[in-house]
Amino acid sequence: MDKLRPLLILGTRPEAIKMAPVILACQARADAVQPLVCLSGQHRHMARPILDYFSITPDLDLDVMAENQTLASLTAKLVTALDQLVTEHSPDCLVAQGDTATVMTAAMIAFYRHVPFVHVEAGLRTGNLQAPWPEEFNRRVAGIVASLHCAPTAGAAENLRREGVPDAQISVTGNTVVDALRMTIERERANSAAWTKRHPNLAGAAPMCLITAHRRENFGGGMENICQAILQLSARFPEAQFLYPVHLNPNVRQPVNKLLGNQANVALLEPAAYPEFVWLMDRASVLLTDSGGVQEEAASLDKPVVVMRETTERPEVLDATECYLVGSSVERIVDTVSSVLERVGTDVTGKATDGDSGSAIIHSSLFGDGHAAERITDWMLKRIAGTK
Ligand code: UD1
Ligand code: UDP
């Protein structure tokens, strides 16, 4: 039988993290799968280092990113470049993860070219097209087109059923974010001395608040509120460390550098490499974020997480860990983070402890058991290779 030839497309930081396990699982089935890996280049700087960490060399790089790109210009470039790619390589299926512009355009091209589309992390919904924006739109487009919907949780599968997707096209695989985290965490705990050397201010027992924020619906007033809240918190907890690896989007960097650049216990960092960020999450007392992936990781690491969004498409996180959905009001952020910091005191690892190591060990979480990528690969082989 001919090998299955999937074209795996990824563009941004979270896609690299969540697709790496799928690529590795395809490579592990070299007897039956011949994967082609394409970087769209939507994130020119933040995606490739992650593939390097997992020893993955992309076959192609469309290099579409421009400084401060608009959604329309990015989408236009992706549509043209992906169409050409699919025409040249005639893959058996297109595989993409999540809800970015890269995923939405990959789904469109799969539809136009009559190629089966496999959607990884399918079925996440807030029900509000404006939040997260434009991601709720992007994932709905992917959901209309997909032949195989790899749902991370039973709740995501239920969302798809409610939209009329037949059961046979849905599989609850778990989220590959857990696969990536499990591949990384022990390796980086073993590397702890090197990371502590890089972050000497974290060597002691001081509580640490790890911050990320990049959502478009928070641009403007939301980002300013988030920065004001961090300013107030850093003044109220002078012994605590506030670490903020700042996203490369200029709409984020500009207000963050302006408002938080001069506070002694606030460290503004370049985006952390994924292994470093995993180590920092493990070391953190509390995570403060508007990221999707970080919510799943917080749940998997059993860390308190304060989510600076009005709504989440990951309702499981509310059950899985100590999670507070606070929006971007200064007062709510300050009050919530304060109560967590007051409680954790100098327990630098937050609430998660596991004997001597002082940290949680991930066996599985509500988001998966670390074997999602194998399930996705097996299902593709059964359903797509089976029809060749
Ligand atoms: C994108 C996704 C968002 C995802 C986020 C993950 C869309 C519409 N948005 O948002 O869903 O949650 O990635 O981080 O798909 N930049 C660089 N180098 C990089 C990456 C970004 O310089 O490696 C700068 C560029 O100026 C770029 C800008 O950031 O134009 C915005 O990048 P873009 O991918 O359009 O949006 P994000 O906000 O990163
Ligand atoms: N992450 C990282 N370095 C950072 C911040 C985040 O490697 O400085 C990782 C994090 O572990 C998570 C992913 O990036 O897996 C989340 O990406 P992002 O917040 O950019 O996108 P989202 O998940 O919101 O789409």
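Each residue is numbered by its place in its chain's sequence as written, counting from 1. Key to labels: chains lettered from A, ligands numbered from 1, both in the order written. At least 70 in pLDDT is required for a residue's local features to be given in this predicted model, at least 80 for side-chain atom pairs to be given and counted, and no such filter applies to totals for whole chains, interfaces and linings, which use all residues. The side-chain numbers reported here are obtained from all heavy atoms of the structure, hydrogens and water having been left aside.

Draft legend 1. Structural detail: the site of ligand 2. Neighbouring ligand 2 are 15 residues, the closest being Ala 272, Ser 291, Gly 292, Gly 293 and Glu 297. Polar contacts, as used here, are pairs of N or O atoms within 3.5 Å; protein pairs need one atom able to donate a hydrogen and one able to accept it. Residues neighboring in sequence count only if both atoms are side-chain atoms. Here Ala 272 contributes a backbone N or O atom positioned 2.8 Å from a nitrogen atom of ligand 2. Contact distances for ligand 2 include 2.8 Å between an oxygen atom and a backbone N or O atom of Gly 293. Computed by Shrake-Rupley with a 1.4 Å probe, the accessible areas treat only the displayed protein chains as cover when residues are assessed. Computed on the free molecule, ligand 2 has an accessible area of 540 Å², of which 95% lies beneath the protein chains in the complex. By residue class, the composition of the shell around ligand 2 is eight nonpolar, four polar and three charged. We call a residue near a molecule or strand when any one of its heavy atoms sits within 4 Å of it. When residues are sorted by character, Ala, Val, Leu, Ile, Met, Phe, Trp, Tyr, Cys and Pro go into the nonpolar class, Asp, Glu, Lys and Arg into the charged class, and all the rest, Gly among them, into the polar class.

Draft legend 2. Here's a closer look at helix H11 (residues 274-283). For each residue, the accessible area found with a 1.4 Å probe, counting protein chains only, is set against the maximum for its type, and the residue is called buried under 20%, exposed over 50%, and partly exposed in between. Here a strand is any run of E in DSSP of at least two residues, a helix any run of H or I of at least four, and the numbering for each starts at the N terminus. With ten of ten residues buried, H11 lies mostly within the body of the structure. When H11 is considered as a whole, its buried residues turn out to be Tyr 274, Pro 275, Glu 276, Phe 277, Val 278, Trp 279, Leu 280, Met 281, Asp 282 and Arg 283.

Draft legend 3. Structural view of the sheet that holds strand E6 (residues 148-151). The strand order across the open sheet built from seven strands is E3-E2-E1-E4-E5-E6-E7, with neighbouring strands paired in parallel fashion. Here the strands that pair on one side only, and so sit at the sheet edges, are strand E3 (60-61) and strand E7 (170-172). Against the sheet, helix H1 (residues 13-28) contacts strand E1 (6-10), strand E2 (36-39), strand E4 (93-97) and strand E5 (117-120), and its axis sits at roughly 155 degrees relative to E1. Every residue pair with non-hydrogen atoms within 4.5 Å of one another is taken to be in contact. Every angle, taken between N-to-C directions, lies between 0 and 180 degrees, and every axis is a line fitted to C-alpha atoms, over only the stretch in contact when it is a helix. Along the sheet, helix H5 (residues 135-145) makes contact with E5 and E6, crossing E5 at roughly 135 degrees. Two strands pair if DSSP finds at least two bridges between them.

Draft legend 4. Looking closely at the sheet that holds strand E8 (residues 208-212). As summarised here, the arrangement of the six strands in space is E10-E9-E8-E11-E12-E13, forming an open sheet in which the pairing is parallel. Strand pairing shows two members of the sheet lacking a second neighbour, strand E10 (266-269) and strand E13 (323-325), which therefore form its edges. Each adjacent strand pair in this sheet contributes to an overall mean axis angle of 15 degrees, direction not counted. Bridge analysis of strand E12 (residues 305-307) against E13 gives three bridges, and the strand direction is parallel. For Val 305, the partnering residue across the bridge sits in E13 and is Cys 323. In this fold helix H14 (residues 330-344) packs onto E8, strand E9 (241-245), strand E11 (286-289), E12 and E13, with an angle of close to 165 degrees to the strand it touches most, E11.

Draft legend 5. Representation of the site of ligand 1 in the model. The immediate surroundings of ligand 1 are formed by 25 residues, with Gln 42, His 43, His 45, Ala 66 and Glu 135 found nearest. A distance of 3.0 Å separates an oxygen atom of ligand 1 from a polar atom in the backbone of Met 46. Within the complex, the protein chains bury 97% of what would otherwise be the 740 Å² of accessible surface of ligand 1. Split by residue class, the shell around ligand 1 holds ten nonpolar, ten polar and five charged.

Draft legend 6. Examining the side chain of Glu 276 more closely. One can find Glu 276 in helix H11. Of the polar contacts made by the side chain of Glu 276, one reaches the side chain of Arg 198; its length is 2.8 Å. When sequence neighbours within four positions are dropped, the list of residues in contact with Glu 276 reads Trp 195, Arg 198 and His 199.

Draft legend 7. The arrangement of unusual backbone geometry in detail. Look at the link from Ala 131 to Pro 132: it is a cis peptide, with omega at -5 degrees. Topologically, Pro 132 is positioned in the loop between E5 and H5. The peptide bond linking Trp 133 to Pro 134 adopts the cis configuration, its omega dihedral lying at 5 degrees. Within the secondary structure, Pro 134 is located in the loop between E5 and H5. Phi is positive for Ser 55, which is not a glycine, with a value near 55 degrees. Tracing the chain through its elements places Ser 55 in the loop between helix H2 (48-53) and E3. With relative accessibility at 63%, the residue Ser 55 sits in the exposed group.

Draft legend 8. Inspection of the pairing of E9 at higher detail. Judged by how many residues are buried, E9 sits mostly within the fold: five of five residues are covered. Both faces of E9 are covered, namely the face carrying Gln 241, Leu 243 and Pro 245 and the face carrying Phe 242 and Tyr 244. Direction of pairing for E8 relative to E9: parallel, over a ladder of three bridges. Note on E9: the bridge partner recorded for Met 208 is Gln 241. With strands facing away from the observer, any crossover in which the path from the first strand over the helix to the second runs clockwise is taken as right-handed. Remark: the E8/helix H9 (residues 221-236)/E9 crossover connection has right-handed handedness. As paired strands, E9 and E10 are joined by four bridges and run parallel to one another.

Draft legend 9. Geometry of the pattern of salt bridges. What counts as a salt bridge is simple: a side-chain nitrogen of Lys or Arg found within 4 Å of a carboxyl oxygen of Asp or Glu. Enumeration according to the criterion identifies 26 salt bridges in this entry. Here Lys 18 makes a salt bridge to Glu 296, at a shortest N to O gap of 2.9 Å. Remark: Glu 296 occurs in helix H12 (residues 292-301) and Lys 18 occurs in helix H1; sequence separation between them is 278 residues. Look at Glu 296 and you get buried, because its relative accessible area is 1%. Each of the salt bridges in this network shares a partner with another, and the network as a whole consists of Lys 18, Asp 99, Glu 121, Glu 136, Arg 139, Arg 140, Glu 296, Arg 309, Glu 313 and Arg 314.

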